[in-house]
Structures are given as structure tokens and as C-alpha cells.
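Given next are the chains, with one letter for each unit.
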Amino acid sequence: MNCPYCGHNDSKVIDSRDVNDGIRRRRQCLSCGSRFTTYERLQPASLFVIKKDERREEFNKNKLLAGIRKACEKRPLPTGTVDKLADDIEAELYQLSKTEIPTTVIGDMVMERLKNLDHVAYIRFASVYREFTDITALKREVDTLLSAEAEVPRPTSQLPLIPVEQSAGLAKGHRRRRK
Ligand SMILES: [Zn+2]
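The paragraphs below set out a description of the structure included in this document. (Residues numbered from 1 in each chain as written. Predicted model: local features only at pLDDT ≥ 70, side-chain atom pairs only at ≥ 80, totals over all residues. Heavy atoms only, no water.)

Examining the pairing of strand 3 (residues 35-41)
We apply this condition: Strand pairing follows a simple DSSP-based rule, namely that at least 2 bridges must link the two strands. Runs of E in the DSSP output that reach at least two residues are strands. Runs of H or I that reach at least four are helices, and both are numbered from the N terminus.
As judged from the seven bridges shared by strand 2 (residues 22-29) and strand 3, these two strands associate in the antiparallel manner. By the bridge assignment, Gln 28 is partnered in strand 3 with Arg 35.

Overview of the sheet that holds strand 3
Spelled out, the test is: Fitted lines through C-alpha atoms serve as axes, helices being fitted only where they are in contact, and the angles separating the N-to-C directions of these axes extend from 0 to 180 degrees.
The sheet built from three strands is open, its strands ordered 1-2-3 with antiparallel pairing. Each end of this open sheet is capped by a strand with a single partner; those strands are strand 1 (11-19) and strand 3. Here the average twist between neighbouring strands, direction ignored, is 25 degrees.

Observations concerning the coordination of the zinc ion
Defined as follows: Water is not among the atoms examined, so metal sites may look incomplete; donors are the N, O and S atoms within 2.8 Å of the metal, or within 3.2 Å for Na, K and Ca. Geometry is assigned from donor-metal-donor angles: four donors are tetrahedral when every angle falls between 85 and 135 degrees, four are square planar and six octahedral when opposite donors sit over 155 degrees apart with all other angles between 65 and 115, and any other arrangement is irregular. Exposure categories follow from relative accessible area, calculated using a 1.4 Å probe and restricted to protein chains: below 20% of the type maximum is buried, above 50% is exposed, and the middle band is partly exposed.
Protein-derived coordination of the zinc ion comes from Cys 3 (SG), Cys 6 (SG), Cys 29 (SG) and Cys 32 (SG), at a distance range of 2.3 Å. Each of the four donor atoms bound to the zinc ion contributes to angles spanning 104 to 113 degrees, and the resulting shape is tetrahedral. Sequence spacing among the residues donating to the zinc ion works out to C-x2-C-x22-C-x2-C. With Cys 3 in the segment before strand 1 and Cys 32 in the loop between strand 2 and strand 3, this residue pair connects regions lying 29 residues apart in the sequence. On the accessibility criterion, Cys 3 (5% relative accessible area) is buried.

A short note on the nonpolar core
If you look at soluble globular proteins, the nonpolar side chains tend to sit buried side by side. The test is simple: We define a nonpolar core as any set of buried Ala, Val, Leu, Ile, Met, Phe, Trp, Tyr and Cys residues linked to one another through side-chain atoms lying within 4.5 Å. Here, residues are in contact when the closest pair of their heavy atoms is within 4.5 Å.
Within the largest apolar cluster, 26 residues are counted, with the highest numbers of intra-cluster contacts made by Leu 64, Ile 68, Ile 89, Leu 93, Ile 106 and Leu 114. Going through the elements one at a time, helix 1 (61-71), helix 2 (81-95), helix 3 (103-117) and helix 4 (119-129) are the ones with two or more residues in this core. Looking at this core element by element, the count peaks at six residues for helix 4. The contact partners of Ile 68, leaving out residues within four places of it in the chain, are Val 82, Leu 85, Ala 86, Ile 89, Val 110 and Leu 114.

With respect to the sheet that holds strand 6 (residues 100-102)
Spatial strand order, 5-4-6: three strands in an open sheet with mixed pairing. One side of each edge strand has no neighbouring strand; the edge strands of this open sheet are strand 5 (56-58) and strand 6. Mean inter-strand twist for the sheet, computed between neighbouring axes without regard to direction, equals 35 degrees.

A few points about the pattern of salt bridges
Operational definition: Salt bridge, as applied in this entry: a Lys or Arg side-chain nitrogen positioned within 4 Å of an Asp or Glu carboxyl oxygen.
All chains considered together, the criterion is met by 13 salt bridges. Glu 90 serves as the salt-bridge partner of Lys 61, at 3.4 Å between the closest nitrogen and oxygen. Here Glu 90 lies in helix 2 and Lys 61 lies in helix 1, a separation of 29 residues in the sequence. You can call Lys 61 partly exposed: its relative accessible area is 24%. Overall, the relative accessible area of 23% leaves Glu 90 in the partly exposed class. In this structure, the salt-bridge partner of Asp 88 is Lys 84, at a minimum N-O distance of 2.9 Å. A residue pair is termed a helical-turn pair when its members lie 3 or 4 positions apart in one helix, as Asp 88 and Lys 84 do in helix 2 at four residues.

Some details on the packing of aromatic side chains
As a reminder of what qualifies: Side-chain rings of Phe, Tyr and Trp, where Trp is taken by its six-membered ring, are said to pair if the distance between their centres is within 6.5 Å; with planes under 30 degrees apart they count as stacked, over 60 as edge-to-face, and otherwise as tilted.
Throughout the structure, instances matching the rule amount to one aromatic pair. Between Phe 59 and Tyr 94, the aromatic rings sit 6.4 Å apart at their centres with planes inclined by 80 degrees, giving edge-to-face as the arrangement. In this pair, Phe 59 is assigned in the loop between strand 5 and helix 1 and Tyr 94 in helix 2, connecting sequence segments 35 residues apart. Here Phe 59 falls in the buried class, since its relative accessible area comes to 12%.

Concerning the environment of Leu 145
Residue position: Leu 145 is located in helix 5 (residues 135-151). We classify Leu 145 as buried; its relative accessible area is 7%. Taking the C-alpha atoms as reference, Leu 145 lies 9.6 Å from Tyr 122; in sequence the two are 23 residues apart. Setting aside anything within four residues of it in sequence, one finds Leu 145 in contact with Lys 115, His 119, Tyr 122 and Ile 123.

Put into C-alpha cells, the structure is as follows:
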């Protein structure tokens, strides 16, 4: 910060205090000794997304929200799920501390979350976002999803429909009838 009186580029801070939304600093020029005040405020970060055609566009949370909402339409998800998902992604994007983020990164973030949330929503989102041009590409995605699902052992909370002894009895009875 140059001195407003003589233009010298160095000053010392003689007082510093927090004000509503920033810090107020009282400075003294190291050259002419004049005193002046500076304010330091947090600059609201503006975030741009780089689209597939390289165009830049300011990040728009409502657009993100609309995309997720569309994918989750009529899915049995608890109220607020979609908003929370968009909030989480927005927070994560700002945490990256970048000024430009490719749309693909955002898309991948949504996909990753939807995959764990709802498979139908995931496929819907993927089909738009990945722009599946043919049914083969879509099928491949579904297959990947299903095989990943098969790897995760699900807890068997459901009781067997027929008790073991009874089913054994039925098998015996069946054999007897065949004799
Ligand atoms: Zn000065």
C-alpha cells in the first residue's frame, strides 16, 4: 500500500483492530511519517467453471441444484437430501481454493455422491452428464454399477421364508413321492 501523501511504498502498522467484516489498520508512512488507515476485508470468492467447449461461466449453484433435482425426481429420498448434496458440493468446490474448475470435476463429484445415494438418480444424471450417445455406453455404466453392488455384501436381515427343518422335510417328502 503506497502512502497517499508521498507515494512511498512502505509503512508500519501502528494500530490494528477488528471491525464488523474485516480488519482496520492504522499505518504510518516510513518516509514522510504521515498516518493513514487501511481496511482489509474478505473478498467473496468468485468461482468459474470451465465448460467442455473451454468457455468460462460463473459457478451457479442453482444450476447445480436443478441438475441434481432433475436426476432425483420422484425418487424416495428424504426431504432436504438434494439441497444438502448441492451444499456439500458447493462447500467442497470453494475448499479447493481455485478460481476455475472444469465442469467435469463438478460432474464427477455429483456422480460419486449419487452413486452412494440412489442408483436410478445416478444413472439419470450420468446419462445427461456423460452424454451417452449410444445404449452400449449406458449399458456399460449400468453393468459397472451392478458389479460394484454385487461386491458389497448386504446384511441378511430377512429371515428365511421357510424354516430349515421344514424345507428339509419337504425335500424328503418330495423324494418319497417320487419312489
Ligand atoms: Zn509518505
